[in-house]
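The residues making up each chain are set out below.
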Amino acid sequence: MMPLVLLVSFGLALTACSGESDETDYALEEEREEMVSQLEELRDDMDDQLSELQTRMERAGDEADRENFEEAYEELTGQRDSVDRALADVRNATSDTWSTVSSAASNTFDDVSTQFEQWQDDVESWMDEMTD
């Protein structure tokens with residue numbers, strides 16, 4: 001009888017641990033989905049700007065303007081690549097690597113978002129000067 005009690009107790013202990021693990025996995029997946037969503041939205045906004053820059057480069061009559069558009073395009077492409085790498089890392093993170101990956105991806109999002117907003121302001125000002 002005692003071995004049966006020990007076996008049942010051990011089984012219940014494993015079930016309890018599994019429940020905690022399921023909750024942790026669910027929380028991790030929620031965090032992952034939220035971070036993926038934020039990074040994808042940022043990447044989509046950047047893609048829109050890249051498309052706009054491509055159009056403006058093709059239409060630019062002045063060589064200096066075209067060079068400025070190309071420079072802006074390369075800068076934005078580099079930032080977009082950082083977002084893509086963060087997305088891949090987040091999607092491939094395990095529960096063991098999540099803390100590190102999550103922190104790095106959050107930093108990438110914050111840094112690129114800030115740079116992207118500043119970049120948008122700079123490009124808008126620059127385009128306003130071109131039309132004046």
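Residues numbered from 1 in each chain as written. Predicted model: local features only at pLDDT ≥ 70, side-chain atom pairs only at ≥ 80, totals over all residues. Heavy atoms only, no water.

Engineer: Tell me about the overall build of the chain, and name the residues and values.
Structural biologist: When you go through the chain residue by residue, the secondary structure sums to three helices and zero strands. Counting from the amino terminus, helix and strand elements in the chain follow one another as α-α-α. Out of the 132 residues belonging to the chain, those deemed buried represent 26%. Long-range contacts, defined as pairs at least 24 residues apart, comprise 78% of the intrachain contacts of the chain with a sequence gap of at least 6. Per element, the accessible surface of the chain, about 9000 Å² overall, is 48% carbon and sulfur. (Helix = DSSP H or I, 4+ residues; strand = E, 2+ residues; numbered from the N terminus. Buried < 20%, exposed > 50% of the residue type's maximum accessible area, 1.4 Å probe, protein only. Contact = heavy atoms within 4.5 Å. Areas by Shrake-Rupley, 256 points an atom, 1.4 Å probe, with all protein chains shown as cover.)

Engineer: Report on the nonpolar core, specifying residues and quantitative values.
Structural biologist: Counting 27 residues, the largest nonpolar core has Leu39, Met46, Phe69, Leu76, Val83, Val90 and Trp119 as the members making the most contacts within it. Within the residue set of this core, elements represented by two or more residues are α1 (2–59), α2 (63–92) and α3 (98–131). (Core = buried A, V, L, I, M, F, W, Y, C linked by side-chain atoms within 4.5 Å.)

Engineer: With reference to specific residues and values, describe the side chain of Arg32.
Structural biologist: Mapped onto the secondary structure, Arg32 falls in helix α1. When its relative accessible area of 11% is taken as the criterion, Arg32 is described as buried. The residues touching Arg32, leaving out its near neighbours within four places in the chain, are Val90, Arg91, Asn92, Ala93 and Trp98.

Engineer: I'd like a description of the pattern of salt bridges, backed by residues and values.
Structural biologist: Considering all chains together, one arrives at seven salt bridges under this definition. Residues Glu29 and Arg32 are paired through a salt bridge, measuring 3.2 Å at the closest nitrogen-oxygen approach. Remark: Arg32 and Glu29 occur in helix α1; sequence separation between them is three residues, near one turn of the helix. Taking the relative accessible area as the measure of exposure, Glu29 reaches 34% and is therefore partly exposed. (Salt bridge = Lys/Arg side-chain N within 4 Å of Asp/Glu carboxyl O.)

Engineer: Lay out the environment of Glu67 in plain terms, naming residues and giving numbers.
Structural biologist: Residue placement: Glu67 occurs in helix α2. In this structure Glu67 comes out as partly exposed when scored by relative accessible area, which is 45%.

Engineer: Outline a negative patch on the surface, listing residues and values.
Structural biologist: Taken together, Asp62, Glu67, Glu70, Glu71, Glu74, Glu75, Glu117, Asp121, Asp122, Glu124, Asp128 and Glu129 make up a surface patch of like negative charges. Sorting the residues of the negative patch by element identifies α2 and α3 as the ones contributing at least two each. If one sorts the elements of the negative patch by residue count, α3 sits on top with six residues. Tracing the backbone shows Asp62 in the loop between α1 and α2. Classification of Asp62 as partly exposed rests on a relative accessible area of 41%. (Patch = residues over 30% accessible without salt bridge, like charges linked within 9 Å, V, L, I, M, F, W, Y side chains within 5 Å. Lys, Arg positive; Asp, Glu negative; His and termini not counted. Charge placed at Lys NZ, Arg CZ, Asp CG, Glu CD.)

Engineer: Can you tell me about the confidence of the model for the chain, naming the residues and giving the values?
Structural biologist: Mean pLDDT over the chain: 81, with 81% of residues reaching 70 or higher. Within the chain, the element-level pLDDT minimum falls on α1, averaging 74, and the maximum on α2, averaging 90. This stretch, residues 1–16, has a pLDDT under 50; its non-local contacts, to residues over four places away or in other chains, come to zero contacts. (pLDDT = per-residue confidence, 0-100.)

Engineer: Which residues make up the environment of Asp25, and what values go with them?
Structural biologist: Positionally, Asp25 belongs in helix α1. Sequence separation between Asp25 and Thr94 is 69 residues, and the spatial gap between their C-alpha atoms is 9.7 Å.

Engineer: Explain the side chain of Arg80 to me, using residue names and the numbers behind them.
Structural biologist: Locating Arg80 in the fold gives a position in helix α2. In this structure the side chain of Arg80 is engaged in a polar contact, spanning 2.3 Å, whose partner is the side chain of Asp84. Discounting residues that sit within four places of it in the chain, Arg80 has contacts with Arg43, Met46, Asp47 and Leu50. (Polar contact = N/O pair within 3.5 Å; in protein donor to acceptor, adjacent residues only side chain to side chain.)

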